[in-house]
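Here is what each chain is made of, one letter per residue.
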Amino acid sequence: MGEETTTTMTTDMNTEWSQAADERMDGARKACKLTSYLLQYPDTAWREGLYGVRTAVQSLTDETMKKVLLTFVDDAESVDSTYWQDRYVRTFDFDKKSNLYLTYALYGDERDRGPALIELKRRYEAAGFYMELNELPDYLPMVLEFIAEAPSEDAYGVVSSCYKSLVTITDSVLGQNSPYGPLLEQVLKVIPKPGHVDEEVQDHSAAAQTVPTWMGRGSR
């Protein structure tokens, strides 16, 4: 075996979309990657990247996911950037349950959040992924990028630790009638619901409750 390689995580994926069709990534992984980009703050660079997102979406075979992503891009492009930025802030910044930081949805500012963040970072590093940006490891776009890129077992470990928070955020955003709600709901439909999740957690998942063969081999 050759030398172990590492991957640097970054949420600036604007330059990758032209190569999306050539990536060895199945539909679920690609959906997570695209959604990771779309959930980032919609600044000027983000808006410029929407054309590449639209191109990459065409290679998806899941017609429902394709429709949701294209509808989102159409909606974002149909309004000015200031209006869309306001929608983003109103969706994610004013409610603990819809905050994009997954451990915050569970713990708020309680002391238990610190160990949860450390454990998540440990999972990234164990898989050979290191955060390049000064960002917390529970930032949902970063989590989705990891799920899209990591080896299957490592990706599933992060899904298992974050699933309940993701359901909480999704339900909150759907309740706001935000354009971001369908994006989050589709992510829950393509990732597997862990077997340990409480029965009272609403089941959005259409994936099997097993180690995710849908994730393939990752791109590490």
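The rules behind each value
Residues numbered from 1 in each chain as written. Predicted model: local features only at pLDDT ≥ 70, side-chain atom pairs only at ≥ 80, totals over all residues. Heavy atoms only, no water. Helix = DSSP H or I, 4+ residues; strand = E, 2+ residues; numbered from the N terminus. Buried < 20%, exposed > 50% of the residue type's maximum accessible area, 1.4 Å probe, protein only. Areas by Shrake-Rupley, 256 points an atom, 1.4 Å probe, with all protein chains shown as cover. Core = buried A, V, L, I, M, F, W, Y, C linked by side-chain atoms within 4.5 Å. Phe/Tyr/Trp six-rings, centres within 6.5 Å; stacked < 30°, edge-to-face > 60°. Axes fitted to C-alpha atoms, helices over the stretch in contact; angles between N-to-C directions. Left-handed = near helix turned anticlockwise from the far one by under 90°. Contact = heavy atoms within 4.5 Å. Nonpolar A, V, L, I, M, F, W, Y, C, P; charged D, E, K, R; others polar.

1. As for the overall build of the protein
Each helix and strand in the protein was counted, giving ten helices and two strands. Beginning at the N terminus, the succession of helices and strands in the protein can be written as β-α-α-α-α-α-α-α-β-α-α-α. Per-residue burial for the protein yields a buried fraction of 50% across its 220 residues. By element, 47% of the accessible surface of the protein is carried by carbon and sulfur atoms, the whole surface being about 10900 Å².

2. What about the nonpolar core?
One finds Leu38, Leu140, Val143, Tyr180 and Ile191 to be the most contacted residues of the largest nonpolar core, which totals 55 residues. Of the residues forming this core, the biggest block, nine residues, is contributed by helix α9 (residues 152-175).

3. Focus: the packing of aromatic side chains
Aromatic ring pairs: the centre-centre distance and the angle between the two ring planes describe each pair. One pass over the full model with this rule turns up twelve aromatic pairs. Here tyrosine 88 and tyrosine 180 contribute two aromatic rings whose centre-to-centre distance is 5.6 Å and whose plane-to-plane angle is 75 degrees, an arrangement assigned as edge-to-face. Placement of tyrosine 88 in helix α5 (residues 81-92) and of tyrosine 180 in the loop between α9 and α10 (181-190) is noted, with a sequence separation of 92 residues between them. When sorted by exposure, tyrosine 88 lands in the same class as tyrosine 180, which is buried. Their ring planes at 70 degrees and their centres at 5.1 Å tell us that phenylalanine 92 and tyrosine 180 sit as a pair that is edge-to-face. Remark: tyrosine 180 occurs in the loop between α9 and α10 and phenylalanine 92 occurs in helix α5; sequence separation between them is 88 residues.

4. Side note on unusual backbone geometry
Of note in the backbone geometry, asparagine 177 takes a positive phi value of approximately 55 degrees without being a glycine. Among the secondary structure elements, asparagine 177 is positioned in the loop between α9 and α10.

5. Describing the packing of helix α8 (residues 140-149) against α9
Helices that pack against each other are described as a pair by the angle of their axes relative to one another and the distance between those axes. Contact geometry of α8 with α9 gives a least axis separation of 9 Å together with a crossing angle of 145 degrees. Crossing geometry of α8 relative to α9 is assigned as left-handed. Of α9, the residues touching α8 (which contributes Leu140, Val143, Phe146 and Ile147) are Asp154, Ala155, Val158, Val159, Cys162 and Leu166. Grouping the constituent residues of the contact of α8 with α9 by class yields nine nonpolar, no polar and one charged.

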